[in-house]
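Residue-level structure breakdown
This is what each chain is made of:
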Amino acid sequence: MTTSQQQSSGKITLMGLCRSLYEQMSAQGIGTEQMRHLARLLRTASREGHLQRDRFGLSPVIHNLHTAHALCSRVSPDPKMVAAIMLRNLVNCEYLTLDDVKAEWGEDVAKLLGGLRNITGLYAKQVAVESDNFRRLLMTFAEDIRVIIIMIIDRLELMKLINHHPNERLVREVAYEANFLYAPLAHRLGLYAIKGEIEDMSLKYTNRKAFDDIAQHLNETKANRDAYIADFIKPVREKLDAAGIKYEIKGRTKSIFSIWNKLVKQKTDIAHIYDLFAIRIIIDTPPEREKADCWLAYSIVTDMYRPNPARMKDWISIPKSNGYESLHITVAGPDGRWVEVQIRTRRMDLVAEKGVAAHWRYKGIKSEGEMDTWMNKVRNILEGGAEGPMELMRNFKMDFYDKEVFVFTPKGDLYKLPLGATVLDFAFNIHSRLGCQCTGASVNGKNQKINYRLRSGDTVEILTSNAQSPKQDWLNFVVTSKARTKIRQTLNERSNQASELAKEMLQRRFKNRKIDLEEAPLMRTIKKLGYKTVTDFYNDIAKEVLDINTVIEAYEQSTEKRAAEVETRSAGEFVLPTADDTATASTNDVLVIGNNIKGINYRLARCCNPIHGDEVFGFISSEGVVSIHRADCPNAIHMRRRYPYRVVPTRWSGKIGDQLATTLRVVGNDDIGIVTNISSIINKEKDVTLRAISIDSNDGLFQGHLSVGVNDVSALKTLIKKIKTIKGVKDVQRI
């Protein structure tokens with residue numbers, strides 16, 4: 001077709017569209033003068049170059065005329081929607097403002113144009129539309145259900161107008177978009193015929209061979225199919241007439257896309273698809289007889305043709321949650337061919353065919369949270385609207401995605417976040433490292449702080465710095481679990497690192513002061529300083545909240561107090577020994593006191609419990625009893641300095657016959673199994689006896705004092721070595 005032929009054809013089409021649209025609008029009470037004013041606006045804007053052709057080379061006026069005409073003839077002749085369709089390009093090119101439209105055409109038309117302009121701006125971001133997030137954002141931006149209906153009709157008419165467009169890539173993009181985005185929306189809104197056309201045309205543009213093969217098969221078999229339907233319907237008509245039922249019977253062929261989809265799913269060829277066509281029986285009956293007459297028609301059909309019980313679907317007794325009502329049965333018709341029969345009333349058919357929000361979840365369309373409830377409200381409005389469904393829906397706000405925000409990256413990627421999400425939430429949603437280094441963002445070209453609350457449609461570019469790191473106060477404003485988890489994780493890792501550094505610093509300071517740092521006294525010191533956990537203690541040291549000198553002073557006070565609690569005696573405090581703890585030269589001649597003096601009464605001091613082999617000395621008490629102490633006894637310095645004249649040299653002689661008591665201090669992890677293992681080792685030693693044991697646990701550690709009987713130092717050293725090999729034991733010392 002030449003350019004002149006196309007223009008001529010376009011003029012003829014334009015004239016026909018204008019005439020038909022004029023008749024529709026006149027029937028709705030739109031005055032001739034108002035329509036002439038609209039025509040003048042369009043002519044003037046076009047003449048002045050405001051209405052440029054789109055990327056397909058189409059005139060926006062002709063495109064809008066097609067959309068407006070299709071809306072009136074196929075959905076609802078709503079004059080406000082038609083006005084919005086014809087005015088939208090004038091608003092997009094800023095020839096008119098929304099205030100101009102509101103003043104001249106009313107607030108409702110301006111509202112529709114606002115929704116259409118939002119969607120135009122959404123497309124300008126060049127985002128990938130093949131995502132559920134884009135569909136949700138489209139619904140959010142539209143704000144009015146009528147805007148969505150306009151967009152569905154608009155895309156269908158666009159696909160018709162670009163049928164012979166030379167840019168196949170561009171045509172395929174539109175086809176993919178329409179099939180992914182607008183066909184499901186049409187289905188949800190009950191626009192099934194429109195949905196079928198969109199799917200068929202999408203298949204035609206994206207898989208021309210499959211489309212042509214199915215279309216050719218349907219054309220070749222049309223005569224046979226029509227004859228078969230006539231043969232099937234004829235006896236049914238006779239029975240229905242005899243029963244006095246008022247009805248209409250329609251035979252319909254499945255859409256090409258539906259057939260192709262079934263071929264793909266079942267992995268078969270078209271010859272094995274048994275339900276290429278269906279019969280629909282629509283009954284005219286009052287509401288009180290709807291169910292009875294539907295079941296009467298059902299019994300008539302199943303009496304003549306054998307039904308398939310597995311494919312029986314009763315949505316009259318219990319309608320679908322979306323309100324869809326119908327009886328679906330599959331019966332074996334003439335020649336044994338399966339035929340689907342749908343039985344419904346005129347009211348049910350009207351809702352299913354043209355009612356917005358009819359069975360939108362039918363055939364696998366999934367529910368999306370609150371949209372199900374919202375769609376049922378829409379259906380109720382449509383069924384009960386005396387003034388026309390679109391009139392009643394103009395104040396119906398689409399707010400079922402009001403708990404989410406949809407945000408773009410500069411490249412056009414679309415992300416869904418919960419309502420109240422901040423720049424920082426968005427950064428963590430993209431990547432954890434990006435969130436940790438986030439310092440703010442450029443939102444729609446304007447710099448914002450990290451706690452800025454995002455809105456749907458924002459384009460966000462995250463700003464970062466290598467010097468940035470998560471802060472504790474970030475947890476006060478982030479709302480996503482991913483952000484909160486990563487912030488806490490990073491803060492804990494940093495806290496653990498600081499704790500380890502503080503621990504090393506504390507150990508070095510103790511070493512410099514020549515103070516032995518022991519676990520149990522340190523735990524007591526930490527508790528005394530008011531800390532519930534060791535980590536908090538070390539963190540305060542790292543943050544310089546707690547001075548190390550304060551810790552050292554508290555530790556020394558704790559150990560001095562503990563030492564004072566251990567039994568120590570001065571020379572004047574010793575008493576005469578009892579038979580249990582006194583050894584004499586006559587019974588155990590193992591000690592040589594002074595200048596080879598034997599036979600002197602002596603006792604082994606309780607403060608240090610010397611045993612055979614220890615370096616010892618004697619101390620003469622005022623009662624004349626010699627107390628035997630180890631050379632490293634805690635009281636040795638005091639006694640030698642204050643009472644040097646009472647100290648007598650003493651040494652072991654020969655071998656001892658009886659075991660002597662000594663005390664061991666064991667430090668380890670607080671586990672009852674460790675105590676069991678220690679006692680087991682002691683019991684296995686031939687020359688060692690466990691006399692007593694006491695355990696003091698504190699913050700995961702235990703400190704135990706073991707009283708054991710041993711023959712000599714060699715046996716004691718062997719025992720200590722073995723106890724140290726027990727898993728969980730940190731230290732063993734004789735005291």
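Source: prediction; values computed, not measured.

As for the overall build of the chain
- A tally of helices and strands in the chain yields 26 helices and 21 strands.
- The buried share of the chain, taken over its 735 residues, is 47%.
- Of all intrachain contacts in the chain linking residues separated by at least 6 positions in sequence, the fraction that spans at least 24 positions is 67%.
- Surface exposure of the chain reaches about 37500 Å², of which carbon and sulfur atoms provide 49%.

Structural notes on the pairing of strand β17 (residues 647–652)
- The pairing of strand β13 (residues 591–593) with β17 spans three bridges and is classified as antiparallel. The partner of Ile593 across the bridge, within β17, is Thr650.

Quick word on unusual backbone geometry
- If you check the backbone angles, Asp335 has positive phi at about 65° while not being a glycine.
- Relative to the assigned elements, Asp335 resides in the loop between β5 (327–332) and β6 (338–345).
- For Asp335, a relative accessible area of 74% corresponds to the exposed category.
- Positive phi, close to 55°, is recorded for Asn444, a residue that is not glycine.
- Within the fold, Asn444 resides in the loop between β9 (438–443) and β10 (446–448).
- Residue class for Asn444 comes out partly exposed when judged on its relative accessible area of 46%.

A word on the sheet that holds β10
- Strands sit in the order β10-β9-β11 across an open sheet of three strands; the sheet is antiparallel. The open sheet terminates on both sides in strands that have one partner only, identified here as β10 and β11 (460–464). The average undirected angle you get between the axes of adjacent strands in this sheet is 30°.
- Inspection of the sheet shows β9 paired to β11 by five bridges, in the antiparallel sense. The residue bridging Ser442 from the neighbouring strand is Glu461, located in β11.
- In this fold helix α18 (residues 423–430) packs onto β9 and β11, with an angle of close to 105° to the strand it touches most, β9.

What about helix α22 (residues 534–542)?
- Those residues of α22 not exposed but buried are Phe537, Tyr538, Asn539, Asp540 and Ile541.
- Directly after α22, the chain includes Glu544, whose backbone phi takes a positive value near 65°.

Some words on the nonpolar core
- Ranked by size, the top nonpolar core spans 59 residues in total, and within it Leu87, Val101, Ile152 and Ile198 carry the most contacts.
- Take this core: its biggest share by element is eleven residues, from helix α8 (residues 145–161).
- Those residues in contact with Ile152 that sit more than four places away from it in its chain are Tyr182, Leu185, Ala186, Leu189, Leu191, Ile194 and Ile198.
- In this structure, Leu240, Tyr247, Leu276 and Ile316 belong to the second largest nonpolar core, which totals 37 residues.

Digging into the packing of aromatic side chains
- Under the definition given, this model contains seven aromatic pairs.
- Note on Tyr415 and Phe426: the rings are 5.6 Å apart at their centroids and 80° apart in plane angle, and the pair reads as edge-to-face. With Tyr415 in strand β8 (residues 414–418) and Phe426 in helix α18, the pair connects residues that are eleven residues apart, well separated along the chain.
- The structure contains a cluster of three or more aromatic residues connected by ring pairs, namely Tyr531, Phe537 and Tyr538.
- The cationic tip of Arg337 hangs over the ring face of Tyr228; the distance from NZ or CZ to the ring centre is 4.5 Å.
- If you follow Arg640 out to its NZ or CZ, it ends over the ring of Phe617, 4.3 Å from the centre.

Examining the pattern of salt bridges
- With the rule as written, the count across this model stands at 22 salt bridges.
- Measuring nitrogen to oxygen at the nearest pair gives 2.9 Å for the salt bridge that ties Glu177 to Arg155. Of this pair, Glu177 sits in helix α9 (residues 168–188) while Arg155 sits in helix α8, and the two are 22 residues apart along the sequence. As far as burial versus exposure is concerned, Glu177 and Arg155 are alike and both buried.
- The partner of Glu199 in a salt bridge is Lys195, with the nearest N and O atoms 3.7 Å apart. Taken together, the residues Glu199 and Lys195, both in helix α10 (residues 192–206) and four residues apart, mark about one turn of the helix.
- Among the residues examined, Lys195 registers a relative accessible area of 16% and is labelled buried.
- Look at the salt bridges and you will find they share partners, linking Arg88, Asp154, Arg155 and Glu177 into a network.

A closer look at the packing of α9 against α10
- Remark: α9 packs on α10, axes separated minimally by 9 Å, with the N-to-C direction vectors making an angle of 160°. Of the possible angle classes, the one that applies to α9 and α10 is roughly antiparallel. Note that α9 runs across α10; the crossing there is left-handed. Along its contact with α9, which presents Val171, Arg172, Ala175, Tyr176, Ala178, Asn179, Tyr182, Ala183, Ala186 and His187, the element α10 presents Tyr192, Lys195, Ile198, Glu199, Ser202, Tyr205 and Thr206.
- Among the residues making up the contact of α9 with α10, the classes are represented as ten nonpolar, four polar and three charged.

With respect to α18
- Here α18 lies mainly inside the structure; six of its eight residues are buried.
- Turning to α18, its buried residues number three or more, namely Val423, Leu424, Asp425, Phe426, Ala427 and Phe428.
- Those residues of α18 hidden inside the fold are in contact with β7 (404–408), β8, α19 (432–436), β9, β11 and α20 (481–512).

Brief notes about the environment of Trp652
- Note that Trp652 resides in strand β17.
- Distance in space between the C-alpha atoms of Trp652 and Asp614 is 8.2 Å, their sequence separation being 38 residues.

Here we look at the environment of Met86
- Along the chain, the position of Met86 falls in helix α4 (residues 79–92).
- Taking C-alpha positions, Met86 is 7.5 Å from Ala68, a pair spaced 18 residues apart along the chain.
- Once residues lying within four places of it in the same chain are set aside, the contact partners of Met86 are Leu38, Leu42, Val61, Asn64, Leu65 and Ala68.

Observations regarding the confidence of the model for the chain
- When pLDDT is averaged along the chain, the result is 77, and 77% of the positions lie at 70 or above.
- The secondary structure element of the chain with the lowest average pLDDT is strand β12 (residues 582–583), at 38, and the one with the highest is helix α14 (residues 290–304), at 93.
- Low pLDDT (under 50) marks residues 379–389, which in the prediction has 16 contacts with non-local residues, meaning those over four places away or in another chain.
- Below a pLDDT of 50 lies the segment residues 563–589, which in the model reaches 44 contacts outside its immediate sequence neighbourhood of four places, other chains included.

Re the packing of α20 against α22
- The interhelical angle for the contact between α20 and α22, taken along N-to-C directions, is 75°, at an axis separation of 8 Å. Taken as axis vectors, α20 and α22 run roughly perpendicular relative to one another. Along its contact with α20, which presents Ser495, Asn496, Ala498, Ser499, Ala502, Lys503, Met505 and Leu506, the element α22 presents Thr535, Phe537, Tyr538, Asn539, Ile541 and Ala542.
- In the contact of α20 with α22, the residues fall into eight nonpolar, five polar and one charged.

Each value, and the rule that gives it
- Residues numbered from 1 in each chain as written.
- Predicted model: local features only at pLDDT ≥ 70, side-chain atom pairs only at ≥ 80, totals over all residues.
- Heavy atoms only, no water.
- Helix = DSSP H or I, 4+ residues; strand = E, 2+ residues; numbered from the N terminus.
- Buried < 20%, exposed > 50% of the residue type's maximum accessible area, 1.4 Å probe, protein only.
- Contact = heavy atoms within 4.5 Å.
- Areas by Shrake-Rupley, 256 points an atom, 1.4 Å probe, with all protein chains shown as cover.
- Pairing = 2+ DSSP bridges.
- Axes fitted to C-alpha atoms, helices over the stretch in contact; angles between N-to-C directions.
- Core = buried A, V, L, I, M, F, W, Y, C linked by side-chain atoms within 4.5 Å.
- Phe/Tyr/Trp six-rings, centres within 6.5 Å; stacked < 30°, edge-to-face > 60°.
- Lys NZ or Arg CZ within 6 Å of the ring centre and 35° of its normal.
- Salt bridge = Lys/Arg side-chain N within 4 Å of Asp/Glu carboxyl O.
- Parallel < 35°, antiparallel > 145°, perpendicular 65-115°, else oblique.
- Left-handed = near helix turned anticlockwise from the far one by under 90°.
- Nonpolar A, V, L, I, M, F, W, Y, C, P; charged D, E, K, R; others polar.
- pLDDT = per-residue confidence, 0-100.

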